[in-house]
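Coordinates in review
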Amino acid sequence: MHELRRALRRGSSMETLGLVPTMGALHEGHLSLVRAALEGCDRVAASIFVNPTQFAPGEDFAKYPRTFEADCALLEQAGVHYLFAPTTEEMYPPAAETFVDVPKIGSRLDGASRPGHFRGVTTVVSKLFHIVQPDRAYFGQKDAAQVAVLQAMVRDLNFDIELVVCPTRRDADGLALSSRNRYLSEAEREQALAIPQALCDAAESIGQGDSSSAIVRATLRHDLDAAGVRVDYTCVVDARSLEPVTEVRAGSLIAIAAFIGSTRLIDNFVVPIDEEVAE
Ligand code: PAF
């Protein structure tokens, strides 16, 4: 990758490189990141690496869907120029002991529910950034907390890389696309629709002038409880710092993490700066 990067920097063309980091099991959400990268950069690299350090003990690392051949075909079809798909030993040789940690922001939302998760994400993403050396890297808004943690990391460690955040992609019924949706049975998939529905209802209540975070969270909770969904968290926080806010305002992140059966799903929206409600 370093040789390739040097070659792209040589000569007069100075081609820009975009990176789409993934854990594979690709879906239309990933492909929308690839399309954004192809629009914004001369060359595009994708990475596929199911990163063990971002899974807590007892989580789904072993059963995480691995669909390498199908992923390669999708990336090729989409027009990706390079694929970086290292082994675990290449990324974490036995002597490796360095981690990257964003301790405060990284312990909020999913960082609170999944201790060590964001430390694994920031470590692997900084390694990918050093290896691939992209000009821009593309992430989905569905992982809003991950975006906030990575923005802090890029700021604090002076990475000369622009993070591009692309909108959440949804199925026709509103469910946010996720590699973990393939764990859901038909009945669970139906139940999972309570998550986007709860966010829609919260957006509507904000649109009607409810600005109290407590009221917005009560709306989310009511919808999720009514559908029998086991809630991990509902929150109204500042989208950058992930700190709770008592009043919803432009830039507030309204987010849900919930279990459908044993599958943990997340979804969110950010109140737009022009005060119009998303969705
Ligand atoms: O969002 C993901 O798929 C992963 O967290 C990432 C960014 C590829 C790091 O493993």
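The structure reproduced in this document is the subject of the present report. (Residues numbered from 1 in each chain as written. Predicted model: local features only at pLDDT ≥ 70, side-chain atom pairs only at ≥ 80, totals over all residues. Heavy atoms only, no water.)

1. Thoughts on the site of the ligand
By nearness alone, every residue bordering the ligand is listed as Pro21, Thr22, Met23, Asn51, Gln54, Val124, Val125, Phe139, Asp143 and Gln146. One of the side-chain nitrogen or oxygen atoms of glutamine 54 is found 2.6 Å away from an oxygen atom of the ligand. A distance of 2.7 Å is found between an oxygen atom of the ligand and a side-chain nitrogen or oxygen belonging to glutamine 146. Burial of the ligand by the surrounding chains reaches 89%, relative to a free accessible area of 290 Å². (Near = heavy atom within 4 Å. Polar contact = N/O pair within 3.5 Å; in protein donor to acceptor, adjacent residues only side chain to side chain. Areas by Shrake-Rupley, 256 points an atom, 1.4 Å probe, with all protein chains shown as cover.)

2. Overview of the sheet that holds strand β3 (residues 82-84)
Strands sit in the order β3-β2-β1-β4-β5 across an open sheet of 5 strands; the sheet is parallel. This sheet does not close on itself; its edge strands, each paired only once, are β3 and β5 (162-166). Neighbour to neighbour, the strand axes of the sheet diverge by 25° on average, direction disregarded. One ladder, built from 6 bridges, connects strand β1 (residues 17-22) with strand β2 (residues 43-48); its direction is parallel. From the neighbouring strand, threonine 22 faces β2, where its bridge partner is isoleucine 48. Taken strand by strand, helix α2 (residues 28-40) contacts β1, β2, β4 (136-140) and β5, and its axis lies near 150° from that of β4. In the packing of helix α6 (residues 117-132) onto the sheet, contacts are made with β1, β2, β3, β4 and β5, and the angle to β1 comes to roughly 150°. (Pairing = 2+ DSSP bridges. Helix = DSSP H or I, 4+ residues; strand = E, 2+ residues; numbered from the N terminus. Axes fitted to C-alpha atoms, helices over the stretch in contact; angles between N-to-C directions. Contact = heavy atoms within 4.5 Å.)

3. Digging into the side chain of arginine 180
Its place among the elements puts arginine 180 in the loop between β5 and α8 (186-192). The buried category is assigned to arginine 180, whose relative accessible area is 16%. A distance of 2.8 Å separates the side chain of arginine 180 from the side chain of aspartate 60, its partner in a polar contact. (Buried < 20%, exposed > 50% of the residue type's maximum accessible area, 1.4 Å probe, protein only.)

4. A short note on unusual backbone geometry
Unlike most non-glycine residues, alanine 25 shows phi in positive territory, near 50°. With respect to the helices, strands and loops of the structure, alanine 25 is situated in the loop between β1 and α2. What makes alanine 25 buried here is its relative accessible area of 0%. One non-glycine residue with positive phi stands out, namely leucine 242, at about 60°. Tracing the backbone shows leucine 242 in the loop between β6 (230-238) and β7 (252-260). By relative accessible area, which is 1% here, leucine 242 ends up buried.

5. Looking at the pattern of salt bridges
Throughout the structure, instances matching the rule amount to 15 salt bridges. We note a salt bridge from arginine 136 to glutamate 162, for which the minimum N-O separation is 2.9 Å. Residue arginine 136 is located in strand β4, and its partner glutamate 162 is located in strand β5; the two are separated by 26 residues in the primary sequence. Its relative accessible area of 24% is what places arginine 136 among the partly exposed residues. Put simply, aspartate 267 and arginine 170 hold a salt bridge, and the shortest N to O gap is 2.9 Å. In this pair, aspartate 267 is assigned in strand β8 (residues 263-270) and arginine 170 in the loop between β5 and α8, connecting sequence segments 97 residues apart. Connected through salt bridges with shared partners, the residues Glu28, Arg35 and Arg169 form a single ionic network. (Salt bridge = Lys/Arg side-chain N within 4 Å of Asp/Glu carboxyl O.)

6. Topic: the sheet that holds β7
Strand order in the open sheet formed by 3 strands is β6-β7-β8, with antiparallel pairing between adjacent strands. Unpaired on one side and paired on the other, β6 and β8 mark the two borders of the sheet. Neighbour-to-neighbour, the strand axes of this sheet turn through a mean angle of 15°, independent of strand direction. Pairing analysis gives 8 bridges linking β6 to β7, with the strands arranged antiparallel. Paired with valine 231 across the strands is alanine 258, a residue of β7. Against the sheet, helix α9 (residues 194-207) engages β7 and β8, with an angle of about 20° to β8.

Limitation: the analysis is restricted to geometry and does not speak to function.
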